[in-house]
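Topology and contacts: notes
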Amino acid sequence: MTRSAEFACVCLTGPTACGKTDLALRLAERLPIEIISMDSAMVYRGMDIGTAKPSAAIRAAVPHHLIDILAPNEAYSAGRFARDAAAVIRAVASRGRVPLLVGGTLLYLRALRDGLAALPRADQTVRQQLDAEAGVVGWAALHERLRTVDPVAAARIASGDRQRIQRALEVYALTGKPLTELQRAEGDEPRPRVLAIALVPEQRTDLAARIEQRFDAMVAAGFLAEVERLRARGDLSPDMPSMRAVGYRQLWAYADREYDWTEARRRAIVATRQYAKRQLTWLRGDPHCETWPAFAPRLLERCLERLARDGIAAA
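A full pass over the atoms with the stated rule returns 26 salt bridges. Across the pair D235 and R233 runs a salt bridge whose closest N-O atoms are separated by 2.8 Å. Judged by its relative accessible area of 30%, D235 falls in the partly exposed class. Here R306 makes a salt bridge to E290, at a shortest N to O gap of 2.8 Å. Of this pair, R306 sits in helix α14 (residues 299–309) while E290 sits in strand β6 (residues 289–293); the two residues are 16 residues apart in sequence, bridging distant segments of the chain. With a relative accessible area of 13%, R306 lands in the buried category. Judged by its relative accessible area of 25%, E290 is partly exposed.

Remember that side chains alternate between the two faces of the sheet whenever the strand is regular. In terms of residue burial, strand β1 (residues 9–13) counts as a mostly covered element, since five of its five residues are buried. Going residue by residue along β1, you find C9, C11 and T13 tucked away on one face and V10 and L12 tucked away on the opposite face as well. Of the pairings in the sheet, the one linking β1 to strand β5 (residues 194–200) comprises five bridges and is parallel in character. Directly across from T13, in β5, lies its bridge partner A198. Where β1 and strand β4 (residues 98–102) come together, three bridges link them in parallel fashion.

Definitions and cut-offs
- Residues numbered from 1 in each chain as written.
- Predicted model: local features only at pLDDT ≥ 70, side-chain atom pairs only at ≥ 80, totals over all residues.
- Heavy atoms only, no water.
- Salt bridge = Lys/Arg side-chain N within 4 Å of Asp/Glu carboxyl O.
- Buried < 20%, exposed > 50% of the residue type's maximum accessible area, 1.4 Å probe, protein only.
- Helix = DSSP H or I, 4+ residues; strand = E, 2+ residues; numbered from the N terminus.
- Pairing = 2+ DSSP bridges.

Here you go:
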């Protein structure tokens, strides 16, 4: 295997349920690959079914990294991912193998590839003021305000995404600068070059059907029992980063009897579809990602040919 000195890693990304893992494992049958998870929920131990975490057998056959590295009561960040992933990429490359990032947490991709500006810490006073204002006018109105001060951030943040609207407005209140501007700031840390390929469905209806089918398969595999085990630990709450993962929050609420199963299932599927929509919006605004049609024929062959042009493997 040869590759240019500039090359660092490959990334397979795209919205949830678009076939990233399947293509990665097929590539691993043809190339000496080690997979680096780029998923903000797979870092947590005990969150296996709802994250579609690769099985123990798959992880024994193909080396995986950045999976099961934290307890679910711990926090992880994009900055930490960038540092962790860069270290793993260097280690994998030093073994003469191909580092392959796989996942849909696109903020992690940006942090690794482009760096993140130093952002101010959370300010409870500002957050309380924003919460109070939202209680009067609603988060949709604050989203409109965000559109006036940071239209790029507003375009990628859903009007109902309270947490991200709050953070973007908080940063602007504290610094007087848009979050987007700060995130574009160049850092001093050396960053790897990333060949990013995004699998995007040509028809959104295809993805919606797959999301529904996958959720039902997770439930059949024991997703609800997994959430109940997490609740039984006694040190977790639905407001923690781990439990805010799509599916977990809705099943936790069902276990708390906030609504019945039909409503829980509906909310989980809707939340996953909304997450996929945000991922697609993000990818449309990323000029550095190659976009390929998900579920298309000859994806494996096309990927091998593309990697060959980067000197990673023979076509």
